[in-house]
Amino acid sequence: MNRKKGDKGFEIANLNRIKLNSKQCRIYRVRVNDLEAAFIYNDPTLEVCHHESKQRNLNYFSNAYAAAVSAVDPDAGNGELCIKVPSELWKHVDELKVLKVHINFSLDQPKGGLHFVVPNVEGSMAERGAHVFSCGYQNSTRFWFPCVDSYSELCTWKLEYTVDAAMVAVSNGDLVETIYTHDMRKKTFHYMLTIPTAASNISLAIGPFEILVDPYMHEVTHFCLPQLLPLLKHTTSYLHEVFEFYEEILTCRYPYSCFKTVFIDEAYVEVAAYASMSIFSTNLLHSAMIIDETPLTRRCLAQSLAQQFFGCFISRMSWSDEWELDQIVAYELKTGGVLLHPIFGGGKEKDNPASHLHFSIKHPHTLSWEYYTMFQCKAHLVMRLIENRISMEFMLQVFNKLLSLASTASSQKFQSHMWSQMLVSTSGFLKSISNVSGKDIQPLIKQWVDQSGVVKFYGSFAFNRKRNVLELEIKQDYTSPGTQKYVGPLKVTVQELDGSFNHTLQIEENSLKHDIPCHSKSRRNKKKKIPLMNGEEVDMDLSAMDADSPLLWIRIDPDMSVLRKVEFEQSDFMWQYQLRYERDVVAQEESILALEKFPTPASRLALTDILEQEQCFYRVRMLACFCLAKIANSMVSTWTGPPAMKSLFTRMFCCKTCPNIVKTNNFMSFQSYFLQKTMPVAMALLRDVHNLCPKEVLTFILDLIKYNDNRKNKFSDNYYRAEMIDALANSVTPAVSVNNEVRTLDNLNPDVRLILEEITRFLNMEKLLPSYRHTITVSCLRAIRVLQKNGHVPSDPALFKSYAEYGHFVDIRIAALEAVVDYTKVDRSYEELQWLLTMIQNDPVPYVRHKILNMLTRNPPFTKNMDSPLCNEALVDQLWKLMNSGTSHDWRLRCGAVDLYFTLFGLSRPSCLPLPELGLVLNLKEKKAVLNPTIIPEAVFSNSQEEEEVDMDTVHDSQAFIYHHLNMLERPSTPGTMSVHHAKGWCVI
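The rules we used
The residue numbers shown here count from 1 along each chain, following its written sequence. In keeping with the predicted nature of the model, local features appear solely for residues at pLDDT of at least 70, side-chain atom pairs appear and are counted solely at 80 or more, and the whole-chain, interface and lining totals rest on all residues. The side-chain values count all of the structure's non-hydrogen atoms but skip hydrogen atoms and water molecules. Here a strand is any run of E in DSSP of at least two residues, a helix any run of H or I of at least four, and the numbering for each starts at the N terminus. Whether a residue is buried, partly exposed or exposed follows from its accessible area with a 1.4 Å probe, protein chains only, as a fraction of its type maximum: under 20%, in between, or over 50%, in that order. Contacts are residue-level and defined by heavy atoms, with any inter-residue pair within 4.5 Å sufficient. Areas reported as accessible are Shrake-Rupley estimates using a 1.4 Å probe. Residue values count occlusion only from the protein chains shown. Counted as a polar contact is a pair of N or O atoms within 3.5 Å, where, for protein atoms, one must be capable of donating a hydrogen and the other of accepting one, and residues adjacent in sequence contribute only when both atoms are in side chains. Among the buried residues, those of types Ala, Val, Leu, Ile, Met, Phe, Trp, Tyr and Cys that are joined through side-chain atoms within 4.5 Å form a nonpolar core. By this rule the span expected of a helix is its residue count minus one, scaled by 1.5 Å. In this analysis, rings of Phe, Tyr and Trp, with Trp reduced to its six-membered ring, are considered paired at centre separations within 6.5 Å, and the interplanar angle assigns stacked below 30 degrees, edge-to-face beyond 60, and tilted for intermediate values. Only residues above 30% relative accessible area that lack a salt bridge enter a patch, with like-charged residues linked at up to 9 Å and the nonpolar side chains Val, Leu, Ile, Met, Phe, Trp and Tyr linked at up to 5 Å. Salt bridges are defined as contacts in which a side-chain nitrogen from Lys or Arg sits within 4 Å of a carboxyl oxygen from Asp or Glu. With axes taken as lines fitted to C-alpha atoms, and helix axes fitted only over the stretch in contact, angles between N-to-C directions fall between 0 and 180 degrees. Working definition: roughly parallel below 35 degrees, roughly antiparallel above 145 degrees, roughly perpendicular at 65 to 115 degrees, and oblique for all remaining angles. Handedness of each helix crossing follows the sense of rotation of the near helix against the far helix: counterclockwise by less than a right angle gives left-handed, clockwise gives right-handed. Two strands qualify as a pair provided that DSSP identifies no fewer than 2 bridges between them. Residues were grouped as follows: Ala, Val, Leu, Ile, Met, Phe, Trp, Tyr, Cys and Pro as nonpolar; Asp, Glu, Lys and Arg as charged; and all remaining residues, including Gly, as polar. The rule for a disulfide is simple: a pair of cysteine sulfur atoms within 2.5 Å.

The subject of this paragraph is the overall build of the protein. Check the secondary structure of the protein and you find 27 helices and 32 strands. Taken over 989 residues, the protein has a buried fraction of 55%. Look at the contacts in the protein between residues 6 or more apart in sequence, and 71% of them connect residues 24 or more apart. When the accessible area of the protein is evaluated, it comes to approximately 44,000 Å², of which 52% is carbon and sulfur surface.

On to the environment of tryptophan 891, then. Position of tryptophan 891 relative to the elements: it lies in helix H26 (residues 891-905). Residue classification places tryptophan 891 among the buried positions, given a relative accessible area of 2%. In this structure, the C-alpha to C-alpha distance between tryptophan 891 and proline 364, residues 527 residues apart in sequence, is 8.7 Å. Once residues within four sequence positions are removed from consideration, tryptophan 891 is found in contact with Lys23, Thr45, Tyr65, Tyr137, Asn139, Ser140, Arg142, Phe143 and His365. A distance of 3.2 Å separates polar atoms of two side chains, one belonging to tryptophan 891 and the other to histidine 365.

Further remarks concern the nonpolar core. Core analysis: the biggest nonpolar cluster contains 291 residues, and Ile83, Phe310, Ile386, Phe399, Phe429, Met540 and Met645 have the highest contact counts within it. If one sorts the elements of this core by residue count, helix H14 (residues 618-634) sits on top with ten residues. Beyond its immediate stretch of four places on either side in the chain, phenylalanine 399 contacts Leu250, Phe310, Ile328, Tyr331, Met383 and Phe429.

Structurally, asparagine 710 can be placed in the loop between helix H17 (695-706) and helix H18 (718-730). Polar side-chain contacts of asparagine 710 include one of 3.1 Å to the side chain of asparagine 665. Polar contacts involving the side chain of asparagine 710 include one to the main-chain carbonyl oxygen of phenylalanine 715, which spans 3.1 Å. Contacts of asparagine 710, omitting those with residues within four sequence positions, involve Asn665, Phe667, Phe715, Ser716 and Asp717.

So, on to helix H1 (residues 58-71). The terminal C-alpha atoms of H1, which comprises 14 residues, lie 19 Å apart, in line with the 20 Å expected from a rise of 1.5 Å per residue. With ten of 14 residues buried, H1 is to be regarded as a mostly interior element. All of the buried residues along H1 are Leu58, Tyr60, Phe61, Ser62, Ala64, Tyr65, Ala66, Ala68, Val69 and Ala71. Looking at the packing, one finds that the buried side of H1 touches helix H25 (873-886) and H26. For H1, the N-terminal capping position is held by asparagine 57, with its side-chain oxygen 2.8 Å away from the main-chain nitrogen of asparagine 59.

So, on to the packing of aromatic side chains. For any two aromatic rings, the description comes down to two numbers: the centre-to-centre distance and the angle of the planes. All chains considered together, the criterion is met by 41 aromatic pairs. Judged by centre distance (6.5 Å) and plane angle (65 degrees), the ring pair of tyrosine 161 and tyrosine 191 falls under edge-to-face. With a gap of 30 residues between them, tyrosine 161 in strand E9 (residues 154-164) and tyrosine 191 in strand E12 (residues 186-198) connect regions that are remote in the sequence. Here tyrosine 161 and tyrosine 191 have matching classes, each one buried.

Moving on, we come to a nonpolar patch on the surface. Taken together, the side chains of Met765, Leu768 and Leu769 define a hydrophobic patch exposed on the protein surface, amounting to about 340 Å² of accessible area. As for its position among the elements, methionine 765 is in helix H19 (residues 750-768). Judged by its relative accessible area of 39%, methionine 765 falls in the partly exposed class.

Attention shifts here to the pattern of salt bridges. All chains considered together, the criterion is met by 37 salt bridges. With its nearest N and O atoms 3.8 Å apart, the salt bridge here joins glutamate 160 to lysine 158. Residue classification places glutamate 160 among the buried residues on the basis of a relative accessible area of 5%. For aspartate 822, the salt bridge goes to arginine 785, with nearest N and O atoms at 3.0 Å. Placement of the pair is aspartate 822 in helix H22 (residues 810-827) and arginine 785 in helix H20 (residues 775-789), with a sequence separation of 37 residues. Note on aspartate 822: relative accessible area 12%, which makes it buried. By relative accessible area, arginine 785 is classed as buried at 6%.

So, about the side chain of serine 425. On the secondary structure map, serine 425 appears in the loop between strand E20 (423-424) and helix H9 (426-437). Note on serine 425: relative accessible area 14%, which makes it buried. Polar contacts involving the side chain of serine 425 include one to the main-chain amide nitrogen of glycine 428, which spans 3.1 Å. For serine 425, the residues in contact, after removing those within four places along its chain, are Met317, Asp321 and Glu324.

Contact geometry of helix H23 (residues 830-842) with H25 gives a least axis separation of 12 Å together with a crossing angle of 15 degrees. Overall, the two elements H23 and H25 adopt an arrangement that is roughly parallel. At the point where H23 passes H25, the crossing takes the left-handed sense. For the pair H23 and H25, contact is made by Tyr830, Leu833, Gln834, Leu837, Ile840 and Gln841 and by Ala874, Leu875, Gln878, Leu879 and Leu882, respectively.

Inspection of the secondary structure assignment puts methionine 422 in the loop between helix H8 (392-410) and E20. Residues methionine 422 and leucine 402 lie 20 residues apart in sequence; the distance between their C-alpha atoms is 8.1 Å. Residues contacting methionine 422, with those up to four places away along its chain left out, are Leu154, Ile195, Pro196, Phe313, Ile314, Ser315, Ala406, Ala409 and Ser410.

Right, let's get into the sheet that holds strand E11 (residues 174-180). Two orientations exist for strands paired in a sheet by backbone hydrogen bonds: parallel and antiparallel. The antiparallel open sheet is built from three strands, whose spatial order is E9-E12-E11. Since the sheet does not close on itself, it has two edges, and those belong to E9 and E11, each with one partner. The sheet shows a mean angle of 15 degrees between the axes of neighbouring strands, direction not considered. As defined by bridge partners, E11 adjoins E12 across six bridges and the pair is classed as antiparallel. Bridge assignment links tyrosine 180 to a residue of E12, and that residue is lysine 187.

The strand order E7-E8-E13-E10 describes an open sheet built from four strands, whose pairing is antiparallel. At either margin of the open sheet sits one strand with a lone partner, and together these are strand E7 (114-117) and strand E10 (168-171). Between one strand and the next, the sheet's axes are offset by a mean angle of 10 degrees, whatever the strand orientation. Bridge analysis of strand E8 (residues 131-134) against strand E13 (residues 204-207) gives two bridges, and the strand direction is antiparallel. Within E13, the residue paired with phenylalanine 133 across the bridge is alanine 205.

With 18 residues, H22 should reach 26 Å at 1.5 Å per residue; the first-to-last C-alpha distance of 25 Å fits that figure. A positive backbone phi angle near 50 degrees is found at arginine 828, which sits one or two residues after H22.

A separate point is the packing of helix H15 (residues 646-653) against H17. Following both chains from N to C, one finds H15 and H17 inclined at 20 degrees, their axes separated by 12 Å at the closest point. Overall, the two elements H15 and H17 adopt an arrangement that is roughly parallel. H15 and H17 meet at a crossing whose hand is left-handed. Where H15 abuts H17, its residues Lys646, Phe649 and Thr650 lie against Glu696, Phe700 and Leu704. In terms of residue class, the contact of H15 with H17 is built from three nonpolar, one polar and two charged.

Our focus in this paragraph is the state of the cysteines. Under the criterion given, the structure shown has zero disulfides. Cysteine 871 forms no disulfide, and the closest cysteine sulfur to it belongs to cysteine 912, at a distance of 3.3 Å.

Not every positive phi belongs to a glycine, and methionine 184 is a case in point at roughly 65 degrees. Counting through the fold element by element, methionine 184 comes out in the loop between E11 and E12. The backbone phi angle of aspartate 557 is positive, close to 50 degrees, even though this residue is not glycine. When you line up the elements, aspartate 557 lands in the loop between strand E28 (551-556) and strand E29 (564-568). Exposure remark for aspartate 557: the relative accessible area of 0% places this residue in the buried category.

Below is the structure:
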């Protein structure tokens, strides 16, 4: 790979400097219209804080980092590379003529943007499966070639890649031709992308890929690593149906002339969509024998194709418009989510609802990954609210209008001002909705997009028999963090004896109580079928209900037309009726969660009925298993009969002649399969009066493992066996030590010995016959950690550290690292914490580094309010350097380091640091000592190249500029000069 070229023409008046984005690239020469041009390079994000002394203040860092990112933000007209337009060409600028910029650069040992995978085995690069691909969070194209790295700057592209003859280069657009060199040792791939596309949507993958042309759609091509072609064929066999579905509901053709899917190892994210191609993790590939992975992979394929329409073809105008694209993609996928944080706040910074956060939300490169995840969830929920407001039909018409305008604009090759139709903005999106539907949704946007938080309702009721009225009381909590006040309509559904009735209440500022008239009289003696909401009529046993009341159950906001959390109080029999007879899945799950508070025989019977009901959604039945286990534990003193679910499992899945032997596996019914592997996991949570797992349950689970027979099953049982190991882990209870004796294999509890033997056998079998994605090894590692935490085996991280080393499958590594993180917290081990931090700095896989930071943040060894021996000055310095300069090559990693620093030390100066000299000042007026304000740096950061005059009469390389302009002699501007993977290129703008 040694040539990369982009082509863009644009017209700007009064232009004497051109600013481009470029990180890691070593710039050799810049020419503008064939004239030598002076240039300077400055990347303030390489090291955020230069003169921060020893304060280590996260508030200061966050402000400085936000300012550094803004200083090179292309949407603000900034960039790391500043080129001076030669004075001879100023006349061209005044005459609005096109300028062509030629940049000669190289990329040596990139730490981000491009990821190289070179397996440590014998053979040539192609035989070893070595490959490289572009990656990064949001607009990260600047990491591998100079560009205007903005989603709003569109241009057409001509891309050329020269690679070894055994390699294949996959990039955006149509492959025009492939030309071999004279010696046939190398070849050059020529790609042409004629649809205007942002640089951020340009990608690359090079490797010894096997190629599959989709048998249903010849314009679709799939690429995978050697020997994975059979898996690729099965995994992608479903994709043509996704094409047909999207083109049908959007009434619009797929916008590009081709589509390429590339499956690579050590992926940055599971799916990354770029113009006319998507890069997937090779771990998504699976055979026809795998059940559990199939829906997950299909969702990733569907997501990548949805992003081709909205995200690649139609791009965002600015970062504040990202939510529309996220929500449209999520809407097309029909996924759900939860809401914790705001998206964007309107108004000034002091009114910003996110001002309490430890990072800026004004730029994607400063966002916490957790925040971004919630951001995407909320985007989908807001889309649901809009759909409820204008209807699905109008919503699809809006999508079609956006795509039609963009398609027309993309064909205007010489009228680039038309290309703005290919960008979506919040105002434009809302205008399209208003034009198509004729409805004003501005109040909805103001409530749910401009504001943060959810509505929290508390509901209760009383039935007035004399007036035949339901007296409903609804309170709001809008003072707790993450909540807001709601004023407006609220739908309430009341299921009565004579049917289901909807009522719309008006929630006012001070109104709490609402009277709802009932349509039914109290229970009649004659038997009569009860009509449900869906028109179905069912027979019910009404003996449990109140004889004076016609109410069966009540639901608040059943259509989820408000972003809310509801806590509603009604009798246990009402929850039981709702679980049995309400056909809405959400209502059934609400009932199951509520019944945990009512451990009665009636609740037990209702949950058992759901488990036996094959028409019930399988996830509801799985949730009922765990609820039944909790109820059984609460009823342990009065429980009669065999352990919960045992007789039901025996009846459904075991031999009739020998109930302790499970039938030969047959997973043809997926609903039964998911129930079969969930019930033992829930049963293992049962406890007797001594808070121990009943011996009968443990024996039952061990028998399931012993007699498991998958020989006649067409599907793999690896996930089922992994769940059996999880069940063994759930059965473990804390060890009872006598005289502080040390646990050894000789004095192990007999039950624990059986569990440990099974885990060891499974681990040994995995080395001979590995399961798909090593699911069994993952479960074994988690089970061993459970045994350690409960005191049955010595707590030792050595096993987990060996499994966490580079070279193991990524799922195994993550499970092992999770155990090491937990060990670090429980045992307060500074040595293991240092080992984890070293992995964050040096591990070859970006995803693993990100996951370690994420796990440490979620399960920290200590927090800012704790007194811990792990909290010391050396750790503060180490983490500060990591986020200040050690992660400049990966936005996601840097934001993860900021999250961890905030979790451990908070916003202000870490308490474990000694106060600097003259750190305290005595305030005589207020009679108290305060921190000297002169040693606390102000959050002021200025890096504007417009404000400071720099000599640009001579050509500056990046290193010289840093020495001259920032006076930082130790900061490198590019990676080291020793080239392991060397790529030269030139860029035309």
